[in-house]
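Structural overview
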Amino acid sequence: MSRPRIVIVGAGFAGYRTARALARASRYKADLTLLNPTDYFLYLPLLPQVSAGILEPRRVTVSLSTLRGVRLLLGEADHVDLDGRTVQYTDPEGASGTLPYDRLVLAAGSVNKLLPIPGVAEHAHGFRGLPEALYLRDHVTRQMELAAAADDPKGAVARCTFVVVGAGYTGTEVAAQMQLYTAEMARRRPLPGGVRPRWMLLDIAPRLLPELDERLSRTADRVLRRRGVEVRTGTSVREATHDGVLLSDGEFVETRTLVWCVGVRPDPLVEATGRPLERGRLIVDPYLQVPGSPEVFACGDAAAVPDLNRPGTFTPMTAQHAWRQGRVAAHNVAASLGIGERRPYRHRDLGFLVDLGGVQAAADPLGIALSGPPAGVVTRGYHLAAMPGNRVRVAADWVLEAVLPRQAVQLGLVRSWSVPLDTASPELARVAGGPWRSDRQPAPTPAPSEHHRGPGPVKRSDIPAEGDS
């Protein structure tokens, strides 16, 4: 009897957990293939610390080669044929391939959410993958260094003004961590004319962290304002330009940095399945199966999973839900193969955590509201416990960060045109002359300008050979 062929698309929180748990649940007797653009699982909650120079990039990644009994296939899924039971994909070198399956788990995750605001796609950058985090670190460092050497105080002010749109988890943590980073840089090398780094955090909602308990929101708001971050609720961007942003209240802010953290949308891959969607997410039943296609399962941000604790609603797109759904998906796929019994997805909120940098955080583990250093300890302890690897390395970086100054250097490895906001693959940096997935348009020839544009027309000699880093 042939081994069942199981394909998992995506290795985020849901896909990684599914692969790890399913290999064990199937007793390593299934032909399990994990299709993912990168060879690592990214622990997204710690990504702001990478931009702030606290953690090295590899600390927040876990190699997929450590998954026993799982075959890793590097590539991006282009199309899913539910009738033919195949997945078409493109590998990193542009070659196409087809994966047949007996069971399919769609865990493609999410991408940056775009709004029809003039100039945002051209001048803003998101925060969904390592390339974007590394670009932001380099870009902010460069702006601070250019400002320190500027003869024009007005130009220095524009370079030292940083605008973050979206005051959810990501935007709040990015603003908190990066404000501390630039403040430390300014202390080491004072800016001309007494200029100070200026951080603005905008959100159209009436308060920070609108999806969380008001106690956490008030704590985060108080900490950020005390540090000098300009928190503007009920405010967003009306237009973005090369020289700055026009706010919804009519004010024009001169800046060279616009970080877009307004939320996420499901990966466009699920739209092409032809199955019913809920705000772009593939609708599944409580067992994470796609109605009409019992051999197909979906979980994580790409799936609209019924919330059995709140009938008529769906679980939100959070890492906590994706991680738990991955385990249930693995259990139910195994059950469909005759191993065990399937079970519905139910959850119990364990609380929420927001890292505000330094020793500050806001948390409510098991409903107990915490702030300040106690919340910071709980937050870091939770992350260490939740990470599937690299715990010792992360803890070591935290200890070194507490006793040594951060290295404020820009490596220039990721250019602005390599991390466009409008992309279905935020986990990959665009490469000159590289392949693109079929649902994307090739990157336009970059125009000369340092800010939010590329280095100019690409010459053949600029394209790295195979194996070059």
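What comes next is a walk through the structure. (Residues numbered from 1 in each chain as written. Predicted model: local features only at pLDDT ≥ 70, side-chain atom pairs only at ≥ 80, totals over all residues. Heavy atoms only, no water.)

**Looking at the packing of aromatic side chains**
Selection criterion: Here a Phe, Tyr or Trp ring, Trp counted by its six-membered ring, pairs with any other such ring whose centre lies within 6.5 Å, and the pair is stacked when the planes are under 30 degrees apart, edge-to-face when over 60, and tilted otherwise. Working definition: helices are DSSP H or I runs of at least four residues, strands are E runs of at least two. Numbering for both runs from the N terminus. Burial classes: relative accessible area under 20% of the type maximum marks a residue as buried, over 50% as exposed, and values in between as partly exposed (1.4 Å probe, protein chains only). We call a charge positioned above a ring when the Lys NZ or Arg CZ atom is no farther than 6 Å from the ring centre and deviates by at most 35 degrees from the ring normal.
Tallying each qualifying case throughout the model produces 8 aromatic pairs. For the ring pair Phe13 and Phe41, a centre distance of 5.1 Å and an interplane angle of 85° mean the geometry is edge-to-face. A residue pair is termed long-range when its members are at least 10 positions apart, and Phe13 in helix 1 (residues 13-25) and Phe41 in strand 3 (residues 40-42) qualify at 28 residues. A relative accessible area of 12% means that Phe13 is categorised as buried. Ring centres 6.1 Å apart and planes at 80° place the aromatic pair Phe13 and Trp323 in the edge-to-face group. Taken together, the positions of Phe13 in helix 1 and Trp323 in helix 8 (residues 319-336) put the pair 310 residues apart, joining distant regions of the chain. Through pairs of rings, three or more aromatic residues link up here, namely Phe13, Tyr16, Phe41, Tyr43 and Trp323. Positioned above the aromatic ring of Tyr28 is the side chain of Arg68, whose terminal nitrogen or guanidinium carbon lies 4.2 Å from the ring centre. Taking the ring centre of Tyr287 as reference, the NZ or CZ of Arg342 above it sits at 3.7 Å.

**Concerning the sheet that holds strand 7 (residues 86-90)**
This is how the line gets drawn: Any two strands with at least two DSSP bridges between them are considered paired. A fitted line through C-alpha atoms serves as each axis, taken over the contacting stretch for helices, and the angle formed by two N-to-C directions is quoted from 0 to 180°.
What the 3 strands build is an open sheet, ordered 6-7-8; its pairing is antiparallel. Of all the strands in the sheet, the pair left with one neighbour each is strand 6 (76-81) and strand 8 (96-100). Direction aside, neighbouring strands of the sheet carry axes that sit 25° apart on average. Here 5 bridges tie strand 7 to strand 8, and the two strands are oriented antiparallel to one another. Following the sheet pairing, Thr86 is matched in strand 8 by Pro100.

**Here's the deal with the pattern of salt bridges**
The cut-off we apply is this: Any carboxyl oxygen of Asp or Glu that lies within 4 Å of a side-chain nitrogen of Lys or Arg is treated as forming a salt bridge with it.
Counted by the stated rule, this structure contains 17 salt bridges. Across the salt bridge formed by Arg279 and Glu278, the nearest N and O atoms sit 4.0 Å from each other. With its nearest N and O atoms 3.2 Å apart, the salt bridge here joins Glu401 to Arg406. The class for Glu401 is partly exposed, based on a relative accessible area of 21%. A cluster of three or more residues bridged by salt bridges with shared partners is formed by Arg198, Glu230, Arg232, Asp249 and Glu251.

**Let's talk about the pairing of strand 6**
Of the pairings in the sheet, the one linking strand 6 to strand 7 comprises 5 bridges and is antiparallel in character. When the bridges of strand 7 are listed, Asp81 appears paired with Thr86.

**Description of helix 9 (residues 372-386)**
For clarity, the threshold we go by: Under the convention used throughout, the expected extent of a helix is 1.5 Å for every residue step, that is, one less than its residue count. It is the directions from the helix axis to the C-beta atoms whose arc is reported. By definition in these notes, contact holds between two residues if any of their heavy atoms fall within 4.5 Å.
With 15 residues, helix 9 extends 21 Å from end C-alpha to end C-alpha; this agrees with the ideal 21 Å at 1.5 Å per step. For helix 9, the full list of buried residues reads Gly372, Ala375, Gly376, Thr379, Arg380 and His383. Relative to the axis of helix 9, the buried residues are bounded by an arc of 130° and lie together on one face. Seen from the buried face of helix 9, the exposed residues on the opposite side, beyond 90 degrees, are Val377 and Ala385. The inward-facing, buried residues of helix 9 contact helix 2 (47-51), strand 24 (353-355), strand 25 (361-363), strand 26 (370-371) and helix 10 (391-403).

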